[in-house]
Amino acid sequence: MTSQSRRATSAAGAIRPTVTVCRGCCCGTPKIPGVDHAAQLRDLRTALNGKATVRATDCLDVCEQANVIVVQPSGEGHRAGGRPVWLGLVNDPDAVGDITAWISDGGPGLADPPSVLDLYTFSPSRRVRAELPEA
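Thresholds, definitions, all that
- Residues numbered from 1 in each chain as written.
- Predicted model: local features only at pLDDT ≥ 70, side-chain atom pairs only at ≥ 80, totals over all residues.
- Heavy atoms only, no water.
- Pairing = 2+ DSSP bridges.
- Helix = DSSP H or I, 4+ residues; strand = E, 2+ residues; numbered from the N terminus.
- Contact = heavy atoms within 4.5 Å.
- Axes fitted to C-alpha atoms, helices over the stretch in contact; angles between N-to-C directions.
- Phe/Tyr/Trp six-rings, centres within 6.5 Å; stacked < 30°, edge-to-face > 60°.

Asker: Report on the sheet that holds strand β3 (residues 69-72), specifying residues and quantitative values.
Answerer: Read across the open sheet, the five strands follow the order β2-β1-β3-β4-β5; overall the sheet is mixed. The strands lining the two open edges of the sheet, one partner per strand, are β2 (53-57) and β5 (121-122). Pairing of strand β1 (residues 18-22) with β2 involves five bridges; the strand directions are parallel. By the bridge assignment, Thr18 is partnered in β2 with Thr53. Each of β1, β2 and β3 touches helix α2 (residues 37-47); the most contacted strand, β2, lies at about 160 degrees to it.

Asker: Tell me about the packing of aromatic side chains, residues and numbers included.
Answerer: Tallying each qualifying case throughout the model produces one aromatic pair. Aromatic pair Trp86 and Phe122: ring centres 6.0 Å apart, planes at 75 degrees, arrangement edge-to-face. A residue pair is termed long-range when its members are at least 10 positions apart, and Trp86 in strand β4 (residues 85-87) and Phe122 in strand β5 qualify at 36 residues.

Asker: A description of unusual backbone geometry should follow, citing residues and the corresponding values.
Answerer: The amide bond that connects Ala66 to the next residue, Asn67, takes the cis arrangement and shows omega of 0 degrees. Tracing the backbone shows Asn67 in the loop between β2 and β3. Unusually for a residue other than glycine, Leu89 sits at a positive phi of about 60 degrees. Relative to the elements of secondary structure, Leu89 occurs in the loop between β4 and α4 (93-104).

Written out as C-alpha cells, the structure is:
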C-alpha cells in the first residue's frame, strides 16, 4: 500500500476500531512478570475478531506504563468525537475483558468505557502520540 493510499484510507476512516498492543522492549516481555503476554494478545484477537483490528507494534516509548494498549476509534467513532485512548499497566486479564467489552459496544466515540478503565487511562507526550502508526 502506498503512503498516498494509506492517507486516503485514513481520511475516510477505519471501518472498525484499531487496537494497538505494544510489544517492544518492555511490554510483552519478562520485564513485566506474572503476565501471560502471548495469551493477552491472543485473547484480544479472539474476542475482537470481526469487531476491531488488533495489531502488535514495536515499542511505543512509554515503558513506564507497560503493558500499553491504544484503542483508536472507527471512522464513525472519530466523527462522533472519539479520540485514541491510551491504556497503561494493562497486566490483568480482567482489564483485557473490560477493554474488549467496551470495543464490542463500539469503542471511542460510540460507547462509554467501563469506569474501571479510568484507572488505566493516561496521556502520553505529544511526541509519543505522533509516532503511533495510523490505523
